[in-house]
Amino acid sequence: KKNTHSSVKVYTGQAGRKIMFEEKLKYKGEQYVLGAHLPSTQSRRFVDIYHHRRALQKIKLKMLFSQSEQEAAKIFSKYQLVQTRLLPKRNSSPIAINVYGEKVALLLGSASLEPITIIIEDAALAKEMISYFKMLWAISKPALRQK
């Protein structure tokens, strides 16, 4: 039976980030991050734990970074089963978008003490976001080859 319902959950603080990373580990298919950037010091620990557990579960991850996040892209490309690319223009987004399974998570205010995490469960939206991600992926460049 196809899941046709959609729901939206909004979290404030680091707890929302932790909930999202835990949810991501339940979905074994390829995952996508658009507008990726270095995690704040507050969330760095569970980002590292997530990547360790994700690699153990053989979950693939593709991450798109803006040009201004080249260092972050290099750091993330060291994790197992992660592909990183840089978007062509010098655009940067204040929002990181994570797509996994039938969910789209919007991460706002990473550097602030009260970051906001919005998790939208909607199969059609997730599918559209993956198409959008793949279109951007096609015009982006591998992060490591740039000097």
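Above: the structure in question.
Residues numbered from 1 in each chain as written. Predicted model: local features only at pLDDT ≥ 70, side-chain atom pairs only at ≥ 80, totals over all residues. Heavy atoms only, no water.

**Student:** Could you clarify how one ought to interpret the sheet that holds strand β2 (residues 31-36) in this entry?
**Tutor:** By definition, the strands of a sheet pair up through backbone hydrogen bonds, in either a parallel or an antiparallel sense. Taken in spatial order, the eight strands make up an open sheet running β1-β7-β6-β5-β2-β3-β4-β8, and their pairing is mixed. In the strand order of this sheet, the two ends are held by β1 (7-12) and β8 (141-142), each with one partner. The pairing of strand β5 (residues 95-100) with strand β6 (residues 103-108) spans six bridges and is classified as antiparallel. Counted as the bridge partner of Ile-97 is Leu-106 from β6. Sitting on the sheet, helix α2 (residues 41-56) is in contact with β2, β3 (61-65) and β4 (82-86), with an inclination near 140° to β3. (Pairing = 2+ DSSP bridges. Helix = DSSP H or I, 4+ residues; strand = E, 2+ residues; numbered from the N terminus. Contact = heavy atoms within 4.5 Å. Axes fitted to C-alpha atoms, helices over the stretch in contact; angles between N-to-C directions.)

**Student:** Which parts of the structure should I look at to understand unusual backbone geometry?
**Tutor:** A negative phi angle is the norm for most residues apart from glycine, just as the trans form is the norm for most peptide bonds. Although it is not a glycine, Lys-58 adopts a positive phi angle of roughly 60°. With respect to the helices and strands, Lys-58 occurs in the loop between α2 and β3.

**Student:** Is there a simple way to explain helix α4 (residues 123-139) in this structure?
**Tutor:** Every α-helix winds through 3.6 residues per turn, so residues three or four apart in the chain are directed the same way. Between its first and last C-alpha, α4 extends 25 Å over 17 residues, near the 24 Å set by a 1.5 Å rise per residue. Looking at α4, one finds that the buried residues are Ala-126, Met-129, Ile-130, Phe-133, Leu-136 and Trp-137. Down the axis of α4, the sector holding all buried residues measures 130°, keeping them to one side. Residues of α4 that are exposed and point more than 90 degrees away from the buried face comprise Ala-124, Lys-127, Glu-128 and Ala-138. The inward-facing, buried residues of α4 abut β2, β3, β4, β5 and β6. The N-cap residue of α4 is Asp-122: its side-chain oxygen and the backbone nitrogen of Ala-124 are 3.1 Å apart. (Expected span 1.5 Å × (residues − 1). Buried < 20%, exposed > 50% of the residue type's maximum accessible area, 1.4 Å probe, protein only. Arc of directions from axis to C-beta. Polar contact = N/O pair within 3.5 Å; in protein donor to acceptor, adjacent residues only side chain to side chain.)

**Student:** Is there a simple way to explain helix α1 (residues 14-26) in this structure?
**Tutor:** In a regular helix each residue adds 1.5 Å, so 13 residues correspond to 18 Å; α1 covers 19 Å between its end C-alpha atoms and thus fits that length. Of all the positions in α1, only Gln-14, Gly-16, Arg-17, Met-20, Phe-21, Glu-23, Lys-24 and Leu-25 are classed as buried.

So, to be careful, I would describe these as geometric facts and stop short of saying anything about function.
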